[in-house]
Amino acid sequence: MPSRTKDILIWITTFMIMLIICMPGLWIILSAFRTNGEILTKPAIWIPETLTLDNFRAIFGYGENVVGVPVASYFRNSIIISATSTFLAVFIGMTGGYAFARYRFPGKGSTFLWLMLSRTVPGIALSLPIFIIWSRMGIIDTKFGVILVYTAINVPFTIWLTEGFFRQVPQDLNEAAQIDGCTRWEAFWKIEFPLAKSGIASAGIFAFLTSWNEYALASQLTRSTDSKTLPVGLMDFTAQFTIDWAGMCAMAVIIIIPALILTFLVQKHLIAGLTFGGVKG
Amino acid sequence: MAEVSLKNVVKRYGALEVVHGIDLEIAHNEFVVLVGPSGCGKSTTLRMIAGLEDISDGEIAIGDKVVNMLPPRKRNISMVFQNYALYPHMSVRENLGFSLKIAKRAPEDITKAVDDAADILGLTELLERTPAELSGGQRQRVAMGRAIVRHPDVFLFDEPLSNLDAKLRTQMRVEIKKLHSKVKTTIVYVTHDQIEAMTLADRIVIMKDGHIVQIGTPLEVFERPVDTFVAGFIGSPPMNLIEGSVKDDHVVFSDGRSLPVPPDFTGKIANGRRVVFGFRADVLMPKGHTLAESGVLHDIDLTIDMAEPLGSESILLTTLGGQDIQARMHNPRPVTSGEVLTCELHLEKCHLFDADTTQSLRG
């Protein structure tokens, strides 16, 4: 096959695959700028006739059709919960991953295995026991309760990822730093942490996205504007007989934007992290 | 600058004891090489001096200070690692200055110390590069620079040349020796390469299975090995060792041939005693191809299996007493396989070891 034809075929295939992947996202973004009427029209209108910002005005309480969804509160809850649980998961994961990479201790292999196995349990299967325990402890419908769950979900993954990175940093570097005058703690911060930071950044972004997008558990554990997160808040747009698709799509766009920004900011580390190419001696 | 003293130092990992009570006194400014086959405990000993491994028992002192419980950073030592252990995220300048920065020295002092060290090691051109941009030999020099920049009491080298190719290794060996003469400091150097040990050391410490077998100057361990292990380990090619039994001041080998016992031992070894007769290839030379040396010579006819020409000399492979042995031929001529040559053995340079204990019979 001539290479030109091959190139064209590859481009067409790539385009089709990307189209399939991107279509739902594109549809959401388009719908966020349409009227509810146009979204529901059959057959579907592909190219919007008019674009409007009314949906965004509505959810933030401006214009004629004010939607009774406290997006600002949900946004704040999401930020607090995701940021806190990410910080905790990265800190615990980093220290845990370092311990698994550097120290010998009894039961190390099986502990690591159990941590990984814990990820095979679907979170929703644990939602009922967690709900019961949380309600006994009185932390249902609190940010703290959700943060706790998200941290627990993320820690095994952050341990696994950072462990791999710390294992790639030669032990000699830590020892050389100790001989150069560092305490073990200084050696960690000055030498091993900078060398593993790609891995730690990847662990952080994954933990943040998990927390930011999580719906199933949050929908069980949150009730009010005190703790409801954005994904749970999306359901506020469904009433008994109607669904405000336009408002829902506008809010979905608001959910996507911070995640996109964050991913772009750390994408250099993310790529290094995913290819495990971050550390070379 | 300080002496290092090890008293009955033991290292155990659980029930497994890997270093069995070592005693070693290293003098001020002395270059001591710990040498032995892998697993002999030499690296562990070095790491205990560094403080990177705990001591299970005994005492280590640097200068007049017992350092058993001190972390590495408080021992005022520096160490060059086998794989250099340069900090990959720092430039050469930052690598060299790291220890001074940790010690919170003034920036201008650091710059000066780094420039001086770079000057000594010829690194001035490379100061702004990162380790990834350096060749193996350059990395090795940076590692040494990092060690000398803070003027430690003791330098520790852990097989620093084993990752370099043969030519570079010879070159760096010379540089290390020069370095020692420039920055007079106590050096403890670990290697498995006996040539490195011979060429660098003031004193060699030969270790085996967690014990010190012999301590001595390079010539002492070469000329007076305390047992067959040292005899076989030090020197290249290794010493020829042939087992036999003593009869009337001769050592009789399994193939019925015999050699007279060396003059030092005449009349001292009882008949029937099992011994190992040892001599280096250098003292067994074909007639007409010897170095003009006088001494107690003994002629012996040997069938040559093979010759390895090295240019200025050849190593002859032959057998005696059922053992493969080697002889040395100066001003070599081509030798055919199976040729019989009459060789001269310098008897006064031969050794006798006890066959059971492997210890030298020299008092």
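Residues numbered from 1 in each chain as written. Chains lettered and ligands numbered in written order. Predicted model: local features only at pLDDT ≥ 70, side-chain atom pairs only at ≥ 80, totals over all residues.

Caption draft 1: Representation of the overall build of chain A in the model. When you go through chain A residue by residue, the secondary structure sums to 14 helices and zero strands. Per-residue burial over chain A gives 35% buried out of 281 residues. Sequence-distant contacts in chain A: of pairs separated by 6 or more residues, those separated by 24 or more amount to 76%. (Helix = DSSP H or I, 4+ residues; strand = E, 2+ residues; numbered from the N terminus. Buried ≥ 20, exposed ≤ 12 C-beta atoms within 10 Å, placed from the backbone. Contact = placed C-beta atoms within 7 Å.)

Caption draft 2: Inspection of the confidence of the model for chain B at higher detail. The pLDDT averaged across chain B works out to 91; a share of 99% of its residues lies at or above 70. This prediction of the complex comes with two scores: 0.80 for pTM and 0.83 for ipTM. (pLDDT = per-residue confidence, 0-100.)

Caption draft 3: Looking closely at the sheet that holds strand 16 (residues 297-309) of chain B. All names here are of chain B. Strands sit in the order 15-19-16-17-18 across an open sheet of five strands; the sheet is antiparallel. Whereas interior strands pair on both sides, the edge strands pair on one side only; in this sheet they are strand 15 (284-286) and strand 18 (323-330). The average angle at which neighbouring strand axes cross in this sheet is 50°, direction not considered. Bridge count for strand 17 (residues 313-320) against strand 18 is eight bridges, and the pairing is antiparallel. Residue pairing across strands places Leu 316 opposite Ala 327, the latter belonging to strand 18. (Pairing = 2+ DSSP bridges. Axes fitted to C-alpha atoms, helices over the stretch in contact; angles between N-to-C directions.)

Caption draft 4: Quick look at the packing of helix 3 (residues 107-121) of chain B against helix 4 (residues 136-148) of chain B. All names here are of chain B. It is at 9 Å that the axes of helix 3 and helix 4 come closest, and there the two elements cross at 135°. It follows from the interaxial angle that helix 3 and helix 4 lie oblique. Between helix 3 and helix 4 the crossing geometry is right-handed. Contacts from Ala 117, Ala 118, Ile 120 and Leu 121 in helix 3 reach Arg 141, Met 144, Gly 145 and Ile 148 in helix 4. (Parallel < 35°, antiparallel > 145°, perpendicular 65-115°, else oblique. Left-handed = near helix turned anticlockwise from the far one by under 90°.)

Caption draft 5: View of the domain arrangement of chain A. Residues and elements named next belong to chain A. Segmenting chain A into domains produces domain 1 (3-59) and domain 2 (71-275). Using only C-alpha atoms to locate each centre, domain 1 and domain 2 end up separated by 31 Å. On the domain 2 side, the residues contacting the 12 residues of domain 1 number 10 residues. Grouping the constituent residues of the side of domain 1 that touches domain 2 by class yields seven nonpolar, four polar and one charged. (Domains from an automatic or database assignment. Nonpolar A, V, L, I, M, F, W, Y, C, P; charged D, E, K, R; others polar.)

Caption draft 6: Quick look at the domain arrangement of chain B. Domain assignment breaks chain B into domain 1 (4-227) and domain 2 (240-354). Here the C-alpha centre of domain 2 of chain B lies 39 Å away from the C-alpha centre of domain 1 of chain B.

Caption draft 7: The interface of chain A and chain B, seen in detail. At the junction of the two partners, chain A supplies 16 residues and chain B supplies 19 residues. Broken down by secondary-structure element, the contributors of at least two residues to the side of chain A that touches chain B are helix 8 (171-179) and helix 9 (184-195) of chain A. Looking at the side of chain A that touches chain B, the element that brings in the most residues is helix 8 of chain A, giving six residues. A class-by-class count of the residues in the side of chain A that touches chain B yields eight nonpolar, four polar and four charged.

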